[in-house]
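The lines below spell out each chain.
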Amino acid sequence: MKKLLPIAVSLAALTAMNVSASTLEDVQARGVLKCGVSTGLAGFATPNDAGQWEGLDVDLCRAVAAAVLGDSEKVEYVPLTSKVRFEVLKSGEIDVLSRVTTWTFTRDASLGLNFAGVNYYDGQGFMVPAALGVSSAKDLDGASICIQTGTTTELNLAEYFKLNGMSYEPVPVETSAEGRQNYIAGRCDVYTTDASALAAQRSVFEDPTAHVVLPEIISKEPLGPVVRHGDDQWLDIVKWSHNAMLNAEELNITSKNLDERGANANDPSAQGLLGTNEAKLGAMLGLDKKWAYNIIKQVGNYSESFERNVGKETALKLERGLNALWTNGGIQYAPPLK
Amino acid sequence: MSGTQVKEKKSVTLGSIWRDKHSRGVILQIIAVIGILLFLGNIVSNTVENLDRLGVKVGFDFLSEPSNYDINQTLIEYSSSDSHFRAGLVGLLNTLLVAVCGIVVATILGFTAGVLRLSNNFVLSRLMQVYVEITRNVPVLLQILLWHGILIHSMPVPKKAEALIEGVILTNRGIYLPQPIPQEGFGWVWIALLVGIVFAVFFKRYANRIQTETGKLIPAIWIGFVAVIGLPLVTYLLMGSPIEVSYPELKGFNYKGGFVIKPEFMALWFALSIYTGAFIAEIVRAGIQSVSHGQTEAAHALGIKPNFTMRLVVIPQALRVIIPPLISQYLNLTKNSSLAIAIGYMDLVATIGGISLNQTGRALESMGIVLGVYLFISIAISAAMNVYNKRVSLVSR
């Protein structure tokens, strides 16, 4: 019943809530941003040794807080399971959901929610023990597969095996910790989830080299922040908080050089973003001039955030790949700041 | 007399109505009912309004859409192209399976432990006390996780497993057993079984009548037992053993063929039975102790044999005390089976209230279905047990 409780609570909240007109006003009056994150996924949202949340998804929360409140630390993190996340968002308990959530048609069209961009392009992969000697997902006929329930991965898996005429035994698990237990004990031969999460899982194994991620990526999983329907201004703020980080990377503005760049009168794009000239981008969002300055100063641009949380120097060792800027062969592409 | 009767004439005022105990009670109840209705109405209208504002439609049409996910334990045909409704049905059957198996084992375990705890054998009774005190004082969720952990960590993986006897293999992915597959002509065996059961029931009634009329005892239970087992067996042999056995064989990653009991089911089944069995043991002990010792002594004085004393005098009286709390334990076990989600047993909560909920985002509807079904199951168990309770309760003559 433990798992039902949050749902019941959020259903109760849904029945009693009174959505006020503006999320922005609510957040500013409250002085803190309530951000829904994972219950603990290395690289995306996990508390560090000092008990502070960090990760790519956490950085998105911090960016929104920096833009709206001027302080990236003014965030209250609400860890959510995949099951309750949408209800909690719908009920107004959180302002934004940044929890490795795949943008799908059904979710976008039927849940009363809007996706505000993609902060990580992912795809579903398979991890197997190296000792098994499997080199392709096509060799997995008849295998037992550990899979986190309540995610899009279940659908992809069913479809992939059906398309290829293979059978399998799904072993559903509720949390990633439980999945690791089952996988290590040999209850399942294969662990499947988004490739980034596989890297995160592998990074905490005793011997990460004893496990290989198979080359097949069987789905597209654009992960991004989600907000409620009905507040377009708030949607714009979340969307452009992320886009500001991308544009900063494209303009080569970092948390180190932004003061210098902002002072350069011959650099109108940088000055516009950082609010050091006459352009009033912030005001159009209902924010102050320093909104993007605060994001980049306190959180950094997209590249800084990526490398700090999931990049080559971290335990996850993820390549930029699809998540490189469009100018570098990836598909991260922010509309221009005009 | 009529002339002397004084008609009390009361002036009905608000104050007097309020002072009257009976009418005050009625008024308070009406107010309470109106309050509750207003509260519920407010919740419903608020929900509808809020969902409307978010542009979310409420309805059960999603149940007919394809589920697109697979389930590892299915009692009926199911594939990912079946509907959410069918997925929910698979989950419901899994819930019922573990509930029925759990209730049977918990009852056997509970009655045994309850009786043994009263035994004069010091070691046995202490042992049962230890069992009861340990299991009922540890949260059942932890016990489920513990059993699952034991099963998947202690058993070998399929590739390293060896057959215990031919066709019986213990692995951490379940216990594989040979599966009998009925061939043509096996239908007669079922018919023979049915005939055997009907015969046993009528024979028992006949024996009872003979006993009331003449006092003669016929071992009807044994004869009935022989009929129920023997008739199908003879038919089976006469039909030339119409069964083929499918043996599990290691193919690739897993054993194929045969019959498998998954560790998730076993963990849930063991944990629920053992946990609930401890409560039932205490209920049984209380029931037996509630029968006054005078009853046993009286039976002995009448020359009734000890085992008949237990069966005909003590237990029928103890059952009156045992049945009502036993119903609650059955209900608890059924509802506790929803903890299955913790170890990935695909029950009702994991299918319609879990994956379907997530894929479709229909939380209100899915949870409504799950709540409704549990309510229905619980009321059904409760109703069935109440009928039984009526039969064993004291008949006033």
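What counts, and where the lines are drawn
- Residue positions are given per chain, counting from 1 as you read along its sequence in written order.
- To read the labels, note that chains go from A and ligands from 1, taken in the order they are written.
- Under the rules for a predicted model, residues below a pLDDT of 70 receive no local features and side-chain atom pairs below 80 are neither given nor counted, while totals for whole chains, interfaces and linings still include all residues.
- Each side-chain value is derived from all of the structure's non-hydrogen atoms; neither hydrogens nor water enter the calculation.
- Strands here are runs of E lasting at least two residues and helices are runs of H or I lasting at least four, both read from the DSSP assignment and numbered beginning at the N terminus.
- Atoms counted for the radius of gyration: C-alpha only. Globule rule: 2.2 Å times residue count to the power 0.38.
- Per-residue accessibility, obtained with a 1.4 Å probe over protein chains only, is compared with the maximum for each type, and a residue is labelled buried under 20%, exposed over 50%, and partly exposed between these values.
- The contact criterion used throughout is that any non-hydrogen atoms of two residues lie within 4.5 Å.
- Per-residue and other accessible areas were derived by the Shrake-Rupley procedure at a 1.4 Å probe size, with only the shown protein chains allowed to occlude residues.
- In this tally, Asp and Glu contribute negative charge and Lys and Arg positive charge; neither His nor the terminal groups of the chain are included.
- Charged side chains are reduced to one point each, which is NZ for Lys, CZ for Arg, CG for Asp and CD for Glu.
- Buried area: the accessible surface (1.4 Å probe) lost by two parts on joining, summed over both.
- Should a side-chain nitrogen of Lys or Arg be within 4 Å of a carboxyl oxygen of Asp or Glu, the pair is scored as a salt bridge.
- Distance and chemistry together define a polar contact, namely a pair of N or O atoms within 3.5 Å, with one atom able to donate a hydrogen and the other to accept it when in protein, and with adjacent residues in sequence counting only for side-chain atoms on both sides.
- Any residue that is not Ala, Val, Leu, Ile, Met, Phe, Trp, Tyr, Cys, Pro, Asp, Glu, Lys or Arg is counted as polar, Gly included; the first ten are nonpolar and the last four charged.
- For the purposes of this description, domain bounds are those given by an automatic or database domain assignment.
- Cysteine sulfurs are considered disulfide-paired once they come within 2.5 Å of each other.
- DSSP-based pairing: two strands are paired if at least 2 bridges between them are found.
- Between N-to-C directions, angles cover 0 to 180 degrees, with each direction set by a line fitted to C-alpha atoms, over the stretch in contact for helices.
- In these notes the angle categories are as follows: under 35 degrees is roughly parallel, over 145 is roughly antiparallel, 65 to 115 is roughly perpendicular, and the rest is oblique.

**Describing the overall build of chain A**
Looking only at helices and strands, chain A features 14 helices and 14 strands. The C-alpha atoms of chain A give 21 Å as radius of gyration, which agrees with the globular expectation for 338 residues (20 Å, within 12%). Along the three orthogonal principal directions, the C-alpha set of chain A runs to about 65 × 50 × 40 Å. For chain A, buried positions account for 61% of its 338 residues. The long-range fraction of contacts in chain A, counting pairs at least 24 apart against all pairs at least 6 apart in sequence, stands at 71%. Accessible surface, chain A: about 13,200 Å² in total, of which carbon and sulfur atoms supply 53%. For chain A, the distance from the average site of its 30 positive side-chain charges to the average site of its 41 negative ones is 2 Å.

**Looking at the interface of chain B and chain A**
Across the boundary between the two partners, chain B contributes 50 residues, which contact 55 residues of chain A. Together, B:Leu54, B:Phe253 and B:Asn358 form the three largest contributors to the area buried by chain B at its contact with chain A, with a combined 18%. The interface formed by chain B and chain A contains three salt bridges. Where B:Lys262 meets A:Glu169, a salt bridge forms, and the shortest distance between an N and an O atom there is 2.5 Å. Seen at the junction of chain B and chain A, the total is 14 residue pairs in polar contact (both at pLDDT 80 or more). The set of elements that each furnish at least two residues to the side of chain B that touches chain A consists of α2 (21-54), α5 (140-154), β7 (254-256), α8 (263-290), α11 (348-360) and α12 (363-392) of chain B. Here the element with the most residues in the side of chain B that touches chain A is α11(B); it accounts for eight residues. For the side of chain B that touches chain A, a count of residues per class yields 22 nonpolar, 20 polar and eight charged.

**Some points on the domain arrangement of chain A**
All names here are of chain A. For chain A, the assigned domains read domain 1 (24-121 + 221-248 + 298-328) and domain 2 (124-213). Between domain 1 and domain 2, the contact holds 16 residues from the first and 14 residues from the second. When domain 1 packs against domain 2, close to 1,100 Å² is buried across both sides, 55% of that on carbon and sulfur atoms. Looking at the side of domain 1 facing domain 2, the largest losses of area belong to Leu41, Ser82 and Glu221, adding up to 37% of the total buried there. Where domain 1 touches domain 2, the interface holds zero salt bridges. Here the residues of the side of domain 1 that touches domain 2 sort into eight nonpolar, four polar and four charged.

**A closer look at the state of the cysteines**
Residue and element names in this part refer to chain A. On inspection of all chains with the given rule, the structure shows two disulfides over all chains. In this model, cysteine 35 is linked to cysteine 61 through a disulfide, with the two sulfur atoms separated by 2.0 Å. Taking the sign of the S-S torsion, -60° for the link of cysteine 35 and cysteine 61, the bridge is left-handed. Taken as a pair, cysteine 35 in strand β1 (residues 33-37) and cysteine 61 in helix α3 (residues 56-69) lie far apart in primary sequence, 26 residues in all. Exposure class is identical for cysteine 35 and cysteine 61. Each is buried. Paired through a disulfide, cysteine 146 and cysteine 188 show a sulfur-sulfur distance of 2.0 Å. Here the disulfide of cysteine 146 and cysteine 188 is left-handed, its torsion about the S-S bond being about -95°. Here the residue cysteine 146 occupies a position in strand β9 (residues 143-148), and cysteine 188 occupies one in the loop between α7 (176-185) and β11 (190-194), the gap between them amounting to 42 residues. Among the residues examined, cysteine 146 registers a relative accessible area of 0% and is labelled buried. Residue classification places cysteine 188 among the buried positions, given a relative accessible area of 2%. Across chain A, the disulfide pattern expressed with sequentially numbered bonded cysteines is 1-2, 3-4.

**Some remarks on the sheet that holds β11(A)**
Note on sheets: strands pair through backbone hydrogen bonds, and any given pair is parallel or antiparallel. All names here are of chain A. The five strands are arranged β10-β9-β11-β8-β12 in an open sheet whose pairing can be described as mixed. Only two strands of the sheet have a single neighbouring strand rather than two, namely β10 (168-173) and β12 (211-213). Geometrically, the sheet is characterised by an average inter-axis angle of 30° between neighbouring strands, direction not taken into account. Across the sheet, α7 is in contact with β8 (124-129), β9, β10, β11 and β12; its angle to β11 comes to roughly 155°.

**Focus on α11(B)**
Residue and element names in this part refer to chain B. Most of α11 sits out of view: 13 of its 13 residues are buried. Put simply, aspartate 347 is the residue that caps the front of α11, since its side-chain oxygen is 3.2 Å from the backbone nitrogen of valine 349. In the segment just after α11, glycine 361 is the residue with positive phi, at about 75°.

**What to know about the packing of helix α10 (residues 306-336) of chain B against α12(B)**
Residue and element names in this part refer to chain B. Where α10 meets α12, the closest approach of the two axes is 10 Å, and the angle between their N-to-C directions is 175°. For the element pair α10 / α12, the angle class is roughly antiparallel. Of the residues in α12, those in contact with Pro316, Leu319, Arg320, Ile323, Pro324, Leu326, Ile327, Tyr330, Leu331, Thr334 and Lys335 of α10 are Tyr374, Ile377, Ser378, Ile381, Ser382, Met385, Asn386, Tyr388, Asn389 and Val392. Residues that form the contact of α10 with α12 fall into these classes: 14 nonpolar, five polar and two charged.

**Describing the side chain of A:Ser196**
Within the secondary structure, A:Ser196 is located in helix α8 (residues 195-203). Only 2.3 Å separates the side chain of A:Ser196 from the side chain of A:Asp122, close enough to count as a polar contact.

**What to know about the pattern of salt bridges**
Opposite charge on two side chains lets them pair, provided their charged atoms get close. The full count for this structure, using the stated rule, is 21 salt bridges over all chains. Between A:Asp259 and A:Lys297 there is a salt bridge; the shortest N-O distance is 3.5 Å. Of this pair, A:Asp259 sits in helix α10 (residues 258-263) while A:Lys297 sits in helix α13 (residues 291-298), and the two are 38 residues apart along the sequence. Judged by relative accessible area, which is 39%, A:Lys297 ranks as partly exposed. A salt bridge links B:Glu133 to B:Arg136; the nearest nitrogen and oxygen atoms lie 3.6 Å apart. Highlighted residues: B:Glu133 and B:Arg136, both in helix α4 (residues 122-136), separated by three residues, approximately one helical turn. A relative accessible area of 29% places B:Glu133 in the partly exposed class. By relative accessible area, which is 28% here, B:Arg136 ends up partly exposed. Each of A:Asp59, A:Arg62, A:Glu73 and A:Arg308 takes part in a single network of salt bridges with overlapping partners.

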